[in-house]
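# Report on the structure
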Amino acid sequence: MSAVSARAVSDTDPSLGQDRSLSILIPCHNEAATVRELLSRVRAALPAAELLVVDDGSSDGSAEIIEEHAKALGLNAIFLPQRGGKGAAVREALKHATRPWVVIQDADLEYDPADLQQMQLAAIANPDCAIYGSRYLRRGKATGGSLAPFVGVKVLGILVKLLYGKYLSDTHTCYKMLPTALMKQLALDSQGFEICAEITSKLLNRQVSILEIPISYHPRSAATGKKIGVRDFFCAAGAYWRLRFQENRCPRATERSTGHSFWYLVTRFMVGALLVIAGAMKLSPWRTLALSYWLVLPPIVVFLVGLFEFLLGVAVLTFVVNRAIWVVTVATFATYLAILAWQFSSGQSICQCLGSRSLPILAMFALDGSLTLALWWWRKHWTTLSRAIGQSAAWELFSGIRLALPILALAGILGFGSLDAAVGYVSGGRVLPTVTSFHVGQISPGEMGTAQFEIMNFSFQVVRVIGAKSTCKCVALSDLPLTIPPGESRPFKVLLEGNSSSRAVLQREAATLVLDDPSRFLTLSVTATVVPSPPPVIVSQ
């Protein structure tokens, strides 16, 4: 940034009032149509406030208007020779603030400066809080405003809730009133509109309470000068994510120490990792999932369950201190245990607990049970963390892994078609199915069901499937031998004949494909709901 020149700096001494304790930071860039009226409104509403106006390299005459009215309105006017962005202008104004409280005021007419009086009363009554003037508190989209900014603010509010455990109705309001000392301690470094996200993130990381009060709002359109756009939404979302993990400590830390931080971190990481992996396994590919002969989840339900698990796992891995997340996680694992116990009692020994992977029910029951006990044992840590956790070596270990895991899971789905295939590739496999388990639906005893698999060749040589071994004579394989060129995929069918049974059952069989390389093999699982045909009705003459 170039050197700052201060022209026309003036100070007045109006009658003392509560606004005497307030410094108002007014960044301005190309607002010649509104800045004159805005400055007059601010001075009329708050005659004793300190006004710090920063012209951010305007080229439309805004600087001249500010300079012209500086003495008459008692403005401290600062002029930047070139544009640095809203964040840069706010930071420059903050350097010159001398009053106990500070608030940001845009140079347009979307916000009414009269609302600052009510905010200042709230600040006096709540000196330990940051006061946010919310445009959407207890109301929906403002009259005359477009839908996109409203939806964007609400989406960012949900993101803040997931990352920080605090929902705000208007995270990106211009009106943020803070103690000046606190504002300076935040060490702001944003250049553009993402300064709103930076202030909110750093306040929540410092456990500062944010109090929202309703304000009026008169939105303008891009045609009349609105500058914020879609790019700024993604910049803000990225800032929330980055700043949530920037400081190497847990949020909401207290001075209470604990000697059990390591095992809490281990168990919480395991819970989050299991949820992320289980969810990612179900997100792709689109498939049916059979839990029993009478409970078969259609693809849309499997996808939604996977999405819920994945998002919950991400929330757990953020280590947000939030009782609601703990309650939902406990309920989820209790549901897992109930399903596993019911499957085992019905005679099953294998489950598709992670989506497409066939796993022993008893092993998953032991894992889910131990994690449920850990959730209960460490329940207090989910609502009140100690500073010792944030300063521990275990936190250093998990801080990077917890961020990478969801990203790697999504990358595996995008790169390989499914997380199952991605795991197989990382494990050394180069000939992989998109999914290792397939449900053929409902069949009768003796009837054939067809499972359609997709086999992908990630190696640099031709691979041939020359044969197969199955767990039962009821399994037949077509399309053999199968040749798969490098970098291509081929469909592969497995036929399953329903076994005879006196009652409806979930039949599960497996087939192991034999490749031309004896060191490589693939195991595919096929399930079917076998429902016996009703006995013929004999009508006596």
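Description of the structure in this document. (Residues numbered from 1 in each chain as written. Predicted model: local features only at pLDDT ≥ 70, side-chain atom pairs only at ≥ 80, totals over all residues. Heavy atoms only, no water.)

Contact geometry for helix α5 (residues 147-164) and helix α8 (residues 230-244): axes closest at 10 Å, N-to-C directions at 10 degrees. Looking at the two axes, α5 sits roughly parallel to α8. Between α5, through G152, V155, L156, L159, V160, L163 and Y164, and α8, the contact on the second element is made entirely by F233, A236, A237, Y240, W241, L243 and R244. Each residue belonging to the contact of α5 with α8 can be placed in one class, and the counts come to twelve nonpolar, one polar and one charged. (Axes fitted to C-alpha atoms, helices over the stretch in contact; angles between N-to-C directions. Helix = DSSP H or I, 4+ residues; strand = E, 2+ residues; numbered from the N terminus. Parallel < 35°, antiparallel > 145°, perpendicular 65-115°, else oblique. Contact = heavy atoms within 4.5 Å. Nonpolar A, V, L, I, M, F, W, Y, C, P; charged D, E, K, R; others polar.)

Before going further, it helps to spend a moment on the state of the cysteines. With the rule as written, the count across this model stands at one disulfide. Two residues share a disulfide in this structure: C472 and C474, whose sulfurs sit 2.4 Å from each other. Taking the sign of the S-S torsion, 140 degrees for the link of C472 and C474, the bridge is right-handed. With relative accessibility at 5%, the residue C474 sits in the buried group. C196 takes part in no disulfide bond, and the closest cysteine sulfur, belonging to C174, lies 6.9 Å away. Residue classification places C196 among the buried positions, given a relative accessible area of 8%. (Disulfide = S-S within 2.5 Å. Buried < 20%, exposed > 50% of the residue type's maximum accessible area, 1.4 Å probe, protein only.)

Now for the sheet that holds strand β18 (residues 475-477). A sheet is described by the order of its strands in space; here four strands give the open sequence β14-β16-β20-β18, paired in antiparallel fashion. Of all the strands in the sheet, the pair left with one neighbour each is β14 (431-433) and β18. This sheet shows a mean twist of 30 degrees between the axes of neighbouring strands, independent of strand direction. Pairing of β14 with strand β16 (residues 448-457) involves three bridges; the strand directions are antiparallel. (Pairing = 2+ DSSP bridges.)

Taken together, the side chains of W286, I300, V301, L304, L307 and L311 present a nonpolar region at the surface, about 560 Å² in accessible area. Residue classification places L304 among the partly exposed residues on the basis of a relative accessible area of 48%. (Patch = residues over 30% accessible without salt bridge, like charges linked within 9 Å, V, L, I, M, F, W, Y side chains within 5 Å. Areas by Shrake-Rupley, 256 points an atom, 1.4 Å probe, with all protein chains shown as cover. Salt bridge = Lys/Arg side-chain N within 4 Å of Asp/Glu carboxyl O.)

Let's shift gears to the side chain of E509. Relative to the helices and strands, E509 is located in strand β21 (residues 505-515). Although E509 is buried, it makes no salt bridge; R508 carries the closest opposite charge, 9.1 Å away. Within polar-contact distance, the side chain of E509 engages the side chain of Q507 at 3.5 Å. Not counting the four nearest positions on each side in its chain, E509 is found in contact with T471, C472, C474, V475, L496, N499, L524, S525 and V526. (Lys, Arg positive; Asp, Glu negative; His and termini not counted. Polar contact = N/O pair within 3.5 Å; in protein donor to acceptor, adjacent residues only side chain to side chain.)

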